[in-house]
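Structural features, examined
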Amino acid sequence: MARILLKNMKKIYPGNVVAVQEFNLEIEDKEFIILVGPSGCGKSTTLRMIAGLEDITEGELYIGDKLVNEVAPKDRDIAMVFQNYALYPHMTVFKNMAFGLTLRKLPKEEIRKKVEEAAKILDIEHLLDRKPKALSGGQRQRVALGRAMVRDPAVFLLDEPLSNLDAKLRTQMRTEISKLHRKLGTTFVYVTHDQTEAMTMGDRIVVMKDGYIQQIDTPQNLYNKPCNLFVAGFIGTPQMNFIDGKIVKGENGYGVEFNGDLIRLPESKQENLAAHEGKEVVLGIRPEDIRVSKDEREAMEVKVDVVELMGSEMYLHCDVIGYKLTIRTPVIDGCKADSALTVTFNTNKVHLFDKETEGIICN
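Treat the numbers as computed from the prediction; the structure is a model and nothing was measured.

About the criteria used
- Residues numbered from 1 in each chain as written.
- Predicted model: local features only at pLDDT ≥ 70, side-chain atom pairs only at ≥ 80, totals over all residues.
- Heavy atoms only, no water.
- Salt bridge = Lys/Arg side-chain N within 4 Å of Asp/Glu carboxyl O.
- Helix = DSSP H or I, 4+ residues; strand = E, 2+ residues; numbered from the N terminus.
- Buried < 20%, exposed > 50% of the residue type's maximum accessible area, 1.4 Å probe, protein only.
- Contact = heavy atoms within 4.5 Å.
- Axes fitted to C-alpha atoms, helices over the stretch in contact; angles between N-to-C directions.
- Parallel < 35°, antiparallel > 145°, perpendicular 65-115°, else oblique.
- Left-handed = near helix turned anticlockwise from the far one by under 90°.
- Phe/Tyr/Trp six-rings, centres within 6.5 Å; stacked < 30°, edge-to-face > 60°.
- Lys NZ or Arg CZ within 6 Å of the ring centre and 35° of its normal.

Moving on, we get to the pattern of salt bridges. Counting across every chain of the model gives 16 salt bridges. We note a salt bridge from Arg-112 to Glu-116, for which the minimum N-O separation is 2.6 Å. With Arg-112 and Glu-116 both in helix H3 (residues 108-122), this residue pair falls four residues apart, about one helical turn. We classify Arg-112 as partly exposed; its relative accessible area is 31%. Here Lys-324 and Asp-305 are joined by a salt bridge, their closest N and O atoms 3.2 Å apart. Here Lys-324, found in strand E18 (residues 323-330), pairs with Asp-305, found in strand E16 (residues 300-309); they are 19 residues apart in sequence, far enough to count as distant. Look at Lys-324 and you get exposed, because its relative accessible area is 57%. Of the residues examined, Asp-305 reaches a relative accessible area of 27% and is grouped as partly exposed. Each of the salt bridges in this network shares a partner with another, and the network as a whole consists of Lys-303, Asp-305, Asp-319, Lys-324 and Asp-338.

Structure (structure tokens):
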């Protein structure tokens, strides 16, 4: 049983530097949970508190049903995989993977069996006699994972394990780590600043900013129902577009007015808007929810600044009445910088945020 409970956890460094604030999270047994956020948001500090590498200033940490605040890292039944792999350069792959078991004085035959089983799962059996300097980045990462696996821990902690790999290898290793999680049936806590990793790997994602949890949810809910402006802008590639506007009431219900244009909102979004009439809001819309249209009704004219061709689709970086919009669209023949296009918003997919509090009004 590897359920992890973090209750009101806080980390304050000397000089009253607060790294983590009021952190509450329950991680279920066998769950793959990801801590994500920009640099300095407290995600790695949180992971290191779970590992026992950082003292907890306030709050309680349970692994299973045991309070582990004062328990040494080696007694927490966890294994950690670091960003820089932390392999011993003078040891072979076999000895690196076996090192923790050797310290425990396990029988040699048992050590050999555990290492070979892990090597087989990770497809590094042919590398056991090599030293780290003779390995590629992806192979070193597999060795680091293997060293954690042989200990058969209740919890895997992974601190930005793919950040030193090139883009192609990162994609491959994301798949490998997801498969490994399913195969091992162990609790994984994974830290990254890369929201693509978070969206493709986690059962649930914890979005952090400035030491605080912003939102905890499934990848799809974070994408479709962000709780505030920060989460909306952080999750999704390309980033959500934001436009300042004001809630106004027209003949057909409420809409958002900006620079003389009125975007009428559908019935499904009308319910909460009466309380916000006349208020400044931020309208959010994802690049794929803006459609290049030949229909002039309710269409806006935009000027294309930059075209990024992505193969089967293109990203158009446009200017509309002083706002920058990114549009994600199938390839449009002949579309290039300085082209003029008309576009319409899919108003069913519009998000509205309170400009003052940055909280969600409607998704």
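From this point, the narrative continues.
Here the focus is the environment of Pro-153. Note on placement: Pro-153 falls in the loop between helix H4 (137-149) and strand E7 (155-159). Pro-153 sits 14 residues away from Gln-139 along the chain, and the two C-alpha atoms are 21 Å apart. Contact partners of Pro-153, with chain neighbours within four places excluded, come to Asp-77, Ile-78, Ala-79, Ala-148 and Thr-186.

A packed helix pair is summarised by two numbers, namely the angle formed by the two axes and the spacing between the axes. Two elements in contact, H3 and H4, have axes whose closest approach is 9 Å; the angle formed by their N-to-C orientations is 140 degrees. Between H3 and H4, the crossing angle belongs to the class labelled oblique. Where H3 crosses over H4, the handedness of that crossing is right-handed. Residues Ala-118, Ile-121 and Leu-122 of H3 touch H4, and the partners they reach there are Arg-142, Leu-145, Gly-146 and Met-149.

Looking now at the packing of aromatic side chains. On inspection of all chains with the given rule, the structure shows seven aromatic pairs. Aromatic side chains Phe-32 and Phe-188 sit 5.3 Å apart centroid to centroid with 40 degrees between the ring planes, which places their arrangement in the tilted category. Note that Phe-32 is positioned in strand E3 (residues 32-36) and Phe-188 in strand E8 (residues 187-192), a separation of 156 residues in sequence. Of the two residues examined, Phe-32 and Phe-188, each falls in the buried class. On the basis of an interplanar angle of 55 degrees and a centroid distance of 4.8 Å, the ring pair of Tyr-88 and Phe-99 is categorised as tilted. Residue Tyr-88 is found in the loop between strand E6 (78-81) and helix H2 (93-103), and its partner Phe-99 is found in helix H2; the two are separated by 11 residues along the sequence. Of the aromatic side chains, those joined through ring pairs into one cluster are Phe-32, Phe-156, Phe-188 and Tyr-190. Looking at Arg-286, its charged tip hangs above the ring of Tyr-223, at a distance of 3.9 Å from the centre.

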